[in-house]
Every structure is written in structure tokens, then in C-alpha cells.
Amino acid sequence: MNRKVFLFLIVFQFLSCAELQQVVNQLPQGETGIGSAQIAEGLRQALNEGVDKQVSKLTLENGFFKSELVKILLPAELQKVDKTLRDIGLGNLADEGLRILNRAAEDAVGEATPIFVDAIKGITFSDARNILMGDEDAATQFLKNGTQTALYAKFNPIIQRSFEKVGADKIWSNLINRYNNLPFTNSVNPDLTDYVTTQALNGVYTMIAVEEKEIRNKVSARTTDILRKVFALQD
């Protein structure tokens, strides 16, 4: 009887160890007591902060146009248009053209938040530690990879409609035609909708990266307990 009890206890011990190991695997790892679930939540909070504090600024009037970081300038092939117009005293016309490009981007960014929210929810436990210990914009790059295609598809028609709404097609036609009629110039005709869409996306990710960098490098920017705990791991 004692031998049977002893064997039973050994079997029970092995079964319990296997079950306990499953429990242990789900517990926070390391001496810090911070597990993958908490790290993922901290990264979600950091990205949400980026959207709430930084991307929201871009939806305001002149959010792009008056930002040194993300102001949309003319594409490279049109830089000479801007310079030439200013050289001959048509700086106001050049400014109007730039303002319209940036206003279209501001209109589009307001549609980004739902797409960001879905992507931020998608941060998994397995992603969490790699993102946390990655580059200072690793979370932003994760978000970019998960949203760029959807945001382009959302932004492009809005920017096109924005151009149409304010008569940008006429303004740009006037601007470019006047440039093309100048002596010793080559005609240009870029796809401005695609260009502004791409630049608007770049601006959005730039602003999110600004907030991520703040949280990673400044303790004062970690406004919740979970942010302070999680990002202390990469300090």
C-alpha cells in the first residue's frame, strides 16, 4: 500500500510540475515583475499617446503648413517652380499653392485614428519585447507596417476631393502654366495627389515617432504607471 501511495505521489508530482510550468510561463518574467502582457499594454499606451498628442495636431488648420517637421513642400521636380515664381515677384502665388497642399493633408489625417486604433490593438505578446528593446522608433515602425497601405487608400481620395473643393486644380494649373510659359524652362506635370498623400503619411509617422522618442528618453513623459514600469526596462 505504501509503495502504491509513493508511486501515486510521484506521478502526481510530475503532473503538477507540468501544470505549474504552464502557469509559470504565463507569469511576469524577470526580476522586474513585468511580463509580455504588460509590455504590450505599455506600448499600446505609448502609441495612443502619439496619436492623441501629436497626430491630432496635424488635423488643425495649419497643422502641416506651420510645422517645421512635417510641412509639405513642393516635390523636387517643382522646387524650381517655387524659386522662379518668387524670383519674379510671385511669392504670394507660390505660398498659396503650398498652403493648399498642406490643407489637403490636414483634411485627410482626421480619417487616420480608427485605422491606428485597430493596428495598436494588434500588438501581440510576442511582438512586445522586441519592440521595446528595439530602436527608438520601433513601435512607430511597427504601426507604420500595419497601417501604411490602409491609410494611403483612405487619404488619397480625400486629398483629391480637397484639391477639387478649393479649386486647387485651377490654382495649380495657373501656377504651372505660368511657369511653363517662362523662357528657358522645361514643362512639368507631377501627380500631386499621390505626392501629397505620401508626404501626409510621412508626416503622421514622424509625429508619432516624436512622442515615442519622448517616452523612451524622458521619464517625465511617462504619464501612467504602466508606461513608467515598462519603459524603465529599456533605460
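Above this text is the structure in question.
Keep in mind that what you see is a predicted model, and the values were worked out from it rather than measured.

Examining the overall build of the protein chain
Right, so step 1: From N to C terminus, the protein chain includes 10 helices and 0 strands.
Right, so step 2: Secondary structure elements of the protein chain, listed N to C terminal, follow the sequence α-α-α-α-α-α-α-α-α-α.
Right, so step 3: Taken as a whole, the protein chain presents about 13400 Å² of accessible surface, with 53% of it coming from carbon and sulfur.

Structural notes on helix H3 (residues 79-87)
Right, so step 1: Turning to H3, its buried residues number three or more, namely Val81, Asp82 and Leu85. All buried residues of H3 lie within an arc of 100° about the axis, which places them on one face of the element. In H3, those exposed residues whose orientation departs by more than 90 degrees from the buried face are Lys83 and Asp87.
Right, so step 2: After H3 finishes, the residue Gly89 shows a positive phi value of roughly 85°.

Some words on unusual backbone geometry
Right, so step 1: Within the chain, Asn62 stands out as a residue other than glycine whose phi angle is a positive 70°.
Right, so step 2: By the secondary structure assignment, Asn62 is in the loop between helix H2 (36-58) and H3.
Right, so step 3: On the basis of relative accessible area, Asn62 is assigned to the buried category, the value being 18%.

Focus on the packing of aromatic side chains
Right, so step 1: This model, assessed by the stated rule, comprises 1 aromatic pair.
Right, so step 2: Taken together, a centroid distance of 6.3 Å and an interplanar angle of 75° make the contact between Phe116 and Tyr205 edge-to-face. Highlighted residues: Phe116 in helix H5 (residues 113-121) and Tyr205 in helix H9 (residues 192-217), separated in sequence by 89 residues. In this structure, Phe116 and Tyr205 share a single accessibility class: buried.
Right, so step 3: Between Lys71 and the ring centre of Phe65, over which it is positioned, the NZ or CZ distance is 4.5 Å.

Side note on helix H6 (residues 125-132)
Right, so step 1: Those residues of H6 that sit buried are Ala128, Ile131 and Leu132. One side of H6 holds all its buried residues, which, seen down the axis, span an arc of 90°. Across from the buried face of H6, at angles greater than 90 degrees, the exposed residues are Ser126 and Asn130.

A short note on the side chain of Gln54
Right, so step 1: Within the secondary structure, Gln54 sits in helix H2.
Right, so step 2: If we skip the residues at most four places from it in the chain, Gln54 touches Glu49, Met207, Val210 and Glu211.

Comments concerning the environment of Ile226
Right, so step 1: With respect to the element layout, Ile226 can be found in helix H10 (residues 225-232).
Right, so step 2: What Ile226 contacts, discounting residues up to four positions off in sequence, is Gln38, Glu41, Gly42 and Gln45.

Parameters and conventions
- Within every chain, residues take consecutive numbers counted from 1 along the sequence as written.
- Local features are withheld for residues below a pLDDT of 70 in this predicted model, meaning they are given only at 70 or higher, and side-chain atom pairs are given and counted only at 80 or more; totals for whole chains, interfaces and linings count all residues.
- Neither water nor hydrogens contribute to the side-chain values; these are computed over all heavy atoms in the structure.
- Strands here mean DSSP runs of E at least two residues long; helices mean DSSP runs of H or I at least four residues long; both are numbered from the N terminus.
- Under the convention used here, a 1.4 Å probe and the Shrake-Rupley method define accessible areas, while residue burial counts only the protein chains that appear.
- For the exposure calls, accessible area comes from a 1.4 Å probe over protein chains only, and a residue counts as buried if that area is under 20% of its type's maximum, exposed if over 50%, partly exposed in between.
- The arc in question is formed by the directions pointing from the helix axis toward the C-beta atoms.
- Two rings from Phe, Tyr or Trp (for Trp, the six-membered ring) form a pair when their centres sit within 6.5 Å of each other. Planes less than 30 degrees apart are called stacked, planes more than 60 degrees apart edge-to-face, and all others tilted.
- Distance and angle both matter: a charge sits over a ring if NZ of Lys or CZ of Arg is within 6 Å of the ring centre and within 35 degrees of the ring normal.
- Here, two residues are considered to be in contact whenever any of their heavy atoms come within 4.5 Å of each other.

Limitation: the analysis is restricted to geometry and does not speak to function.
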